[in-house]
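# Structural description and commentary
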Amino acid sequence: ADFEVTVEVNNYAPAEFTVRNLSAGGNSYQWTFEGGTPSAYTGEHPPTIIYEHEGQYRIKMETDNGSQTFTVIKEIEVGPRLQVAFDIVPSFEDEDDMEAPLRATFNTRLKGVETLSWTCPGAEITNETSETASIYFQKEGEYTVTLDVSNGKTSERVSQNITVQKNTNLRAHQDIRLGINTAGEKYPMYYSTRLRHAIKQQEINEENASLIDIIFFGLNMNFTKNCFVSPADLSNTTFPEIPKALQTKFINKTEMGSINITPSQFYDMTTDERIRNLPIASGKTGDNFFSDSLLPRVVLFETSDGRKGAILIKEMVRSEKENSYIVVDIKIQKND
């Protein structure tokens, strides 16, 4: 008593299996096809069996020769039906504004796929036949990303639309709270424009230390003496030195010279045009303190990698020395 099972094309659902009876000397045959259509058959040569759903299934044959009964059981596996879906995942640098040039990867949800192919007219795709493909949009516009998949038996096509905005080369960070030097337990005093978030002193580590480019030094809760300092120039503050510290140049009191922008100009900035050519690196930097006598005020800066920016100090919140902080907005070049 014996039989063999052969799959037609491949075992992805819906899958067809052929059963060949290899028995000799049997008088009768009873077949059971768990999960299949048909589910049972009586006779020597069963028909083709169809399985609609993925899973492990048993095929059982019972045969007798008039004096003995023999049972043979074999298992088959049915793969999943062809399923495909994906999301376009912009890079960290681009997810907040979706501006060109935009880089993205794909979050794919695939089942039963043997081959695939990505296409998107107007964009550049790396590894276009791979699940781990990436895509690059150089210019603004409306794009359609298409994924074609096949399992050798059936094929499917799905598409996603994406809008890439015009490049302003300006990134905005809003409503950042930075504490005075005695409020470090509650409020951060360090900020990374690359990571786009504030960092407390106790949170500085090997990974983020070299990405900090803005530090607020507020001497007291009355805000009589304040400035932004470079991570590389902390010797005149109460802050400990930072490993791999960056050099950022600041103009803390723009009213003292000709290199400045007003708060209204800050609010109106939608591109980097206003700060692009400001000679911030040649201005008075670092040593100038400001008080709370003028609010809102704008501080200008240039990072070690040449990105120029402006900090709008919107509010100074007085409380106990452990709870006093400023609220700022930052606009900075991206330099993609």
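Residues numbered from 1 in each chain as written. Predicted model: local features only at pLDDT ≥ 70, side-chain atom pairs only at ≥ 80, totals over all residues. Heavy atoms only, no water.

## What to know about the overall build of the chain
Quick reminder of the rule: Only DSSP runs of H or I reaching four residues or more are called helices, and only runs of E reaching two or more are called strands; each is numbered from the N terminus. Radius of gyration means the value over C-alpha atoms here, while the globule rule gives 2.2 Å times the residue count to the 0.38 power. Each residue gets one of three labels from its accessible area relative to the maximum for its type: buried under 20%, exposed over 50%, partly exposed in between, using a 1.4 Å probe on protein chains only. In this description, accessible areas are obtained by the Shrake-Rupley approach with a 1.4 Å probe, and a residue is regarded as covered only by the protein chains that are shown.
A tally of regular secondary structure across the chain gives 2 helices and 23 strands. In terms of overall dimensions, the chain is more spread out than a globule: its C-alpha atoms have a radius of gyration of 34 Å, far above the 20 Å expected for 336 residues. Across its three principal axes, the chain shows a C-alpha extent of roughly 110 × 45 × 30 Å. Within the chain, the proportion of its 336 residues that are buried is 42%. A total accessible area of about 17,000 Å² is found for the chain, and carbon and sulfur atoms account for 45% of it.

## Comments concerning the nonpolar core
Just so we agree on the cut-off: By convention a nonpolar core is built from buried Ala, Val, Leu, Ile, Met, Phe, Trp, Tyr and Cys residues, the set being connected through side-chain atoms within 4.5 Å. The contact definition used throughout considers only heavy atoms, calling two residues in contact when any of these lie within 4.5 Å.
Ile214, Phe228, Ile311, Ile313, Ile326, Val328 and Ile330 are the most contacted members of the largest nonpolar core, which has 24 residues in total. Among residues more than four places away in sequence, those in contact with Phe228 are Leu178, Ile214, Ile215, Phe216, Phe250, Asn252, Phe290, Val299, Ile311, Ile313, Ile326 and Val328. Counting 22 residues, the second-largest nonpolar core is a separate cluster that includes Ile88, Leu102, Ile135 and Ile162.

## With respect to unusual backbone geometry
Going from Ala13 to Pro14, the amide bond is cis rather than trans, its omega being -5°. One can find Pro14 in the loop between strand E1 (3-8) and strand E2 (15-21). For the bond from Leu295 to Pro296, the omega torsion is -5°, close enough to zero to count as cis. Inspection of the secondary structure assignment puts Pro296 in the loop between helix H2 (273-276) and strand E21 (297-302). The phi dihedral of Val9 falls on the positive side, at around 70°, and the residue is not glycine. Looking at where Val9 falls in the secondary structure, it is placed in the loop between E1 and E2.

## Digging into the packing of aromatic side chains
The following threshold applies: Stacked, tilted and edge-to-face are the three classes applied to pairs of Phe, Tyr and Trp rings, where Trp contributes its six-membered ring and a pair requires centres within 6.5 Å; stacked means planes under 30 degrees apart, edge-to-face means over 60, and tilted covers the rest.
Overall, the coordinates contain 16 aromatic pairs when judged by the stated rule. A centroid spacing of 5.0 Å and a plane angle of 85° characterise the contact between Phe86 and Trp118, whose relative ring orientation is edge-to-face. Here the residue Phe86 occupies a position in strand E8 (residues 83-90), and Trp118 occupies one in strand E10 (residues 115-119), the gap between them amounting to 32 residues. The exposure classification of Phe86 matches that of Trp118, with both residues buried. With a centroid separation of 5.6 Å and an interplanar angle of 85°, the aromatic rings of Phe217 and Phe239 are classed as edge-to-face. Placement of the pair is Phe217 in strand E18 (residues 214-218) and Phe239 in the loop between strand E19 (226-229) and strand E20 (249-251), with a sequence separation of 22 residues.

## Brief notes about the sheet that holds E10
Quick note on the threshold: Here a strand pair is declared whenever DSSP counts at least two bridges between the two strands. The axes are straight lines fitted to the C-alpha atoms, using for helices just the contacting stretch, and the angles between their N-to-C directions are given from 0 to 180°.
Strand order in the open sheet formed by 3 strands is E10-E13-E14, with antiparallel pairing between adjacent strands. A single partner strand is all that each edge strand has here, and the edge strands are E10 and strand E14 (155-164). If you compare each strand with its neighbour and ignore which way they point, the axes differ by 15° on average. With 10 bridges joining them, strand E13 (residues 141-150) and E14 adopt antiparallel strand pairing. The partner of Thr144 across the bridge, within E14, is Asn161.

## Re the pattern of salt bridges
Pairing is possible between side chains of opposite charge, provided their charged atoms come close. Keep this limit in mind: Between Lys or Arg on one side and Asp or Glu on the other, a salt bridge is scored when a side-chain nitrogen of the former is within 4 Å of a carboxyl oxygen of the latter.
What the rule picks out here adds up to 20 salt bridges. Residues Asp97 and Lys334 are paired through a salt bridge, measuring 3.1 Å at the closest nitrogen-oxygen approach. Residue Asp97 is found in the loop between E8 and strand E9 (102-111), and its partner Lys334 is found in the segment after strand E23 (325-333); the two are separated by 237 residues along the sequence. Here Asp97 matches Lys334 in class, with each residue buried. Between Arg276 and Asp272 there is a salt bridge, with the nearest N and O atoms lying 2.9 Å from each other. Looking at Asp272, the relative accessible area reads 4%, which means it is buried. By sharing partners, the salt bridges in this structure join Glu93, Glu95, Asp96, Asp97, Glu99, Arg171, Arg196 and Lys334 into a single network.

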